[in-house]
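Topology and contacts: notes
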Amino acid sequence: MVTSTPPSLPASGLSASGSLTIDLGALARNWRAAHEASGTARASAVIKADGYGLGAVEVARTLAKAGCRDFFVALPSEGIAVRSVAPDAAIYVLNGPMAGHVDAMADAGLIPVLNGPEQLALWAQAGDRHGRPLAASMMLDTGMNRLGFDEAALDALAPDALQGIDLRLVLSHLACADDPSADMNIVQRARFNRMRSRLPDVEASLCNSAGIFLGPDYHYELTRPGVCLYGGSPFIAEPAPFHHVVTVGAEVVQLRRVPAGETIGYGATFTAASDMRTATIAAGYADGIFRAAGNRGFAAINGVRVPYVGRVSMDLVVLDVTALPDGAVRPGDQAEVLGPTISVDDLAQASGTIGYEVLTSLGSRYERRYIAADFSQF
Ligand SMILES: *Cc1c(COP(=O)(O)O)cnc(C)c1O
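Residues numbered from 1 in each chain as written. Predicted model: local features only at pLDDT ≥ 70, side-chain atom pairs only at ≥ 80, totals over all residues. Heavy atoms only, no water.

1. A closer look at the overall build of the chain
Rule in force here: A run of DSSP states H or I qualifies as a helix once it reaches four residues; a run of E qualifies as a strand once it reaches two. Both are numbered from the N-terminal end. It is over C-alpha atoms that the radius of gyration is taken, and the globule rule equals 2.2 Å times the number of residues to the power 0.38. Working rule for contacts: check all heavy atoms of both residues, and any pair within 4.5 Å makes them a contact. Surface accessibility in these figures is a Shrake-Rupley result with a 1.4 Å probe; residues are shielded only by whichever protein chains are displayed. We score Asp and Glu as negative and Lys and Arg as positive, and we do not count His or the chain ends. Taken as the charge location is NZ of Lys, CZ of Arg, CG of Asp or CD of Glu.
Regarding its fold elements, the chain presents 12 helices and 20 strands. For 378 residues, the compact-globule estimate of 2.2 N^0.38 gives 21 Å, and the C-alpha radius of gyration of the chain, at 23 Å, lies within 12% of that figure. Here the analysis covers contacts within the chain between residues at least 6 apart in sequence; of these, 66% occur between residues at least 24 apart. Total accessible area computed for the chain in this model is approximately 16600 Å², and 51% of it derives from carbon and sulfur atoms. Averaging the positions of the 29 positive and the 39 negative side-chain charges in the chain gives two centres separated by 2 Å.

2. Observations regarding the pairing of strand S19 (residues 334-338)
Worth spelling out the cut-off: Classification of residues uses two cut-offs on accessible area relative to the type maximum, computed with a 1.4 Å probe and protein chains only: under 20% is buried, over 50% is exposed, and between them is partly exposed. Note: two strands are recorded as paired if DSSP finds a minimum of 2 bridges between them.
Counted residue by residue, S19 has 4 buried out of 5 residues, so it is predominantly covered. With 4 bridges connecting them, strand S12 (residues 246-258) and S19 associate as antiparallel partners. Its bridge partner lying in S19, Ala250 is registered against Ala335.

3. Digging into the UniProt feature "modified residue: N6-(pyridoxal phosphate)lysine" (unreviewed entry) in the chain
Selection rule: UniProt positions are given in the numbering used here, feature names are shortened, and annotations may be inferred rather than shown by experiment.
UniProt feature "modified residue: N6-(pyridoxal phosphate)lysine" (unreviewed entry): in the numbering of this structure it lies at Lys48. On the secondary structure map, Lys48 appears in helix H3 (residues 48-52). You can call Lys48 partly exposed: its relative accessible area is 28%. Aside from chain neighbours lying at most four places away, what touches Lys48 is Phe72, Val73, Ala74, Glu78 and Leu94.

4. Topic: the site of the ligand
Inclusion rule: By convention in these notes, a residue is near a molecule or strand provided one of its non-hydrogen atoms lies within 4 Å of it. Here a polar contact is recorded for every N or O atom pair within 3.5 Å, except that within protein the pair must consist of a potential hydrogen donor and a potential acceptor, and residues adjacent in sequence are included only if both atoms are side-chain atoms. Following the grouping adopted for this structure description, the nonpolar residues are Ala, Val, Leu, Ile, Met, Phe, Trp, Tyr, Cys and Pro, the charged ones are Asp, Glu, Lys and Arg, and the polar ones are all others, Gly among them.
The full set close to the ligand counts 14 residues, and Lys48, Tyr52, Ser209, Val227 and Tyr356 are the nearest of them. Side-chain polar atom of Asn208 to an oxygen atom of the ligand: 3.3 Å apart, as the coordinates give it. Note that an oxygen atom of the ligand is positioned 2.8 Å from one of the backbone N or O atoms of Gly226. For the shell around the ligand, the residue count by class is 7 nonpolar, 4 polar and 3 charged.

5. Observations regarding the packing of aromatic side chains
We count it as follows: Only the six-membered ring of Trp is used, alongside the rings of Phe and Tyr, when aromatic pairs are assigned; centres must lie within 6.5 Å, and planes under 30 degrees apart are stacked while those over 60 apart are edge-to-face, with the rest tilted.
For the structure shown, the criterion picks out 5 aromatic pairs. For the pair Tyr52 and Tyr230, a centre-to-centre distance of 4.7 Å together with 25 degrees between the ring planes defines the contact as stacked. Taken as a pair, Tyr52 in helix H3 and Tyr230 in the loop between strand S11 (222-223) and S12 lie far apart in primary sequence, 178 residues in all. Each of the two residues, Tyr52 as well as Tyr230, counts as buried. The interplanar angle of 90 degrees and the centroid separation of 5.1 Å between the aromatic rings of Phe192 and Tyr220 together place this pair among those described as edge-to-face. Of the two residues, Phe192 is situated in helix H9 (residues 183-196) and Tyr220 in the loop between helix H10 (209-212) and S11; the sequence distance between them amounts to 28 residues. Residue classification places Phe192 among the buried positions, given a relative accessible area of 0%. Under the relative-accessibility criterion, Tyr220 is labelled buried at 14%.

6. Topic: the nonpolar core
The tendency in soluble globular proteins is for nonpolar side chains to be buried as a group. In plain terms, the rule: Note on terminology: a nonpolar core comprises buried Ala, Val, Leu, Ile, Met, Phe, Trp, Tyr and Cys residues joined through side-chain atoms within 4.5 Å.
Counting 114 residues, the largest nonpolar core has Ile47, Trp123, Tyr308 and Leu319 as its most contacted members. Sequence-distant contacts of Trp123, defined by excluding residues within four places in its chain, comprise Pro97, Val102, Met105, Ala106, Leu110, Pro112, Leu114, Leu134, Ala135, Ala136 and Ile165. Membership of the second largest hydrophobic core comes to 6 residues, among which are Ala272, Met276, Val309 and Val318.

7. Points about helix H4 (residues 56-66)
Of the residues making up H4, those classed as buried are Ala56, Glu58, Val59, Ala60, Thr62, Leu63 and Ala66. After H4 finishes, the residue Gly67 shows a positive phi value of roughly 115 degrees.

8. Quick look at the environment of Pro76
Counting through the fold element by element, Pro76 comes out in helix H5 (residues 76-83). Sequence separation of Pro76 and Tyr285 is 209 residues, and the distance between their C-alpha atoms is 30 Å. Contacts of Pro76, omitting those with residues within four sequence positions, involve Val93, Met98, His101, Met105 and Leu110.

9. As for the pairing of strand S18 (residues 317-320)
The two faces of S18 match: Val317 and Leu319 on one face and Val318 and Asp320 on the other face are all buried. As defined by bridge partners, strand S15 (residues 276-281) adjoins S18 across 4 bridges and the pair is classed as antiparallel. Directly across from Thr280, in S18, lies its bridge partner Val318.

10. A closer look at the domain arrangement of the chain
Condition: Domain start and stop points were drawn from an automatic or database domain assignment.
Domain annotation of the chain identifies domain 1 (25-230) and domain 2 (246-342). The distance between the C-alpha centroids of domain 1 and domain 2 comes to 41 Å.

11. Brief notes about the UniProt feature "active site" (unreviewed entry) in the chain
The feature "active site" (unreviewed entry), as given by UniProt, occupies Lys48 and Tyr266 in the numbering adopted here. What stands out for the annotated residues spanning 219 residues is how far apart their C-alpha atoms range, the widest pair being 35.6 Å apart. Among the residues examined, Tyr266 registers a relative accessible area of 59% and is labelled exposed. Those residues in contact with Tyr266 that lie beyond four places of it in its chain are Arg311 and Ser313.

12. Let's talk about the side chain of Asp287
Mapped onto the elements, Asp287 comes out in the loop between S15 and strand S16 (298-301). Judged by its relative accessible area of 4%, Asp287 is buried.

13. Some points on the environment of Arg191
Looking at the element boundaries, Arg191 is found in helix H9. Counting along the chain gives 19 residues from Arg191 to Ser172, while the straight-line C-alpha distance between them is 9.7 Å.

14. Considerations on the pattern of salt bridges
What counts is decided by this rule: Whenever Lys or Arg places a side-chain nitrogen within 4 Å of a carboxyl oxygen from Asp or Glu, that contact is recorded as a salt bridge.
If you walk through the whole model with that rule in mind, you get 12 salt bridges. Two residues, Arg61 and Glu58, come together in a salt bridge whose shortest N-O distance is 3.1 Å. Within this pair, Arg61 and its partner Glu58 are both found in helix H4, separated by 3 residues, close to a single helical turn. Between Arg168 and Asp166 there is a salt bridge, and its shortest N-O distance comes to 3.0 Å. For Arg168, a relative accessible area of 42% gives the class partly exposed. Look at the salt bridges and you will find they share partners, linking Arg42, Asp70 and Glu203 into a network.

Below, the structure written as structure tokens:
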């Protein structure tokens, strides 16, 4: 079954020249794989940044059906949106309670990740107003120096400081989980154990996607996979062991013959060494195809990889289709920008970035289609 959500621009088929298809069955299988790799722990799902650009509500709806009971968002607004499709789930808000959102968070039953004493005080006050301590979790800073209680902040806590909250989970975040040989992983795990031994004995969580593969010592009770759910590789320079979830297609607008010696695109950065045939497709850097991928990236046509030639324009990319048989591609055909042949990480690598940034940059111009998961096969 295929369902659509309306794009933010007028009339779908007419305005969108590209399509973004999200395979919710593959998403569910990836969550299941992450859950199984988590050993005795259960896997949550990290769905911040609108589910890494794929739609947090659709992602949460699917993964709740797959058995996921814990979700992590970044912002209160994301948590409130997700609550409607996951009425019984624990929904954690990574950035913590923000003044002005505290009561809305409490009303939606969201669980803040408390990142320091100010947030702890804010949430305890909210508990006072609600007449009971409210569910919370605590981020321990074991080396990221980004958010969380460090050891000094734990030292400074008053003995009764945690009485105003209902502590459910302590967590920390690994800086180098994508590199299994990094000593930083060992250092952070030791700090995590030392710090959490000073807190009430509640569930603990340390791993992102890559951390899960550091082994059982890192799993605790809850893991927090994000990028692997969406088909991105959690590892440095290794192909993703997960199913691809996202297919981006862009329509071929025009086919051209480019004689030897002619240049292609802005800046005339590409010169045809011999006569060539090209296809110009209707997607560009405004659609998340990074400009840095010019002359480096690949698309696919009928499963054949075809290189980008020249710079990426705002709405267009030119592909070298000389290797395809004459007539194999026509105006109106779809080129695969991302999908079974071109992975999120392939495009990331050509762009000098990571799969996470490719996913969250896809933008709003595509016609979005969700392929529903078939749970009878699950
Ligand atoms: C984003 C995030 C995750 C998920 O990380 P992935 O590398 O995408 O698996 C887990 N925990 C925290 C605190 C995060 O910010």
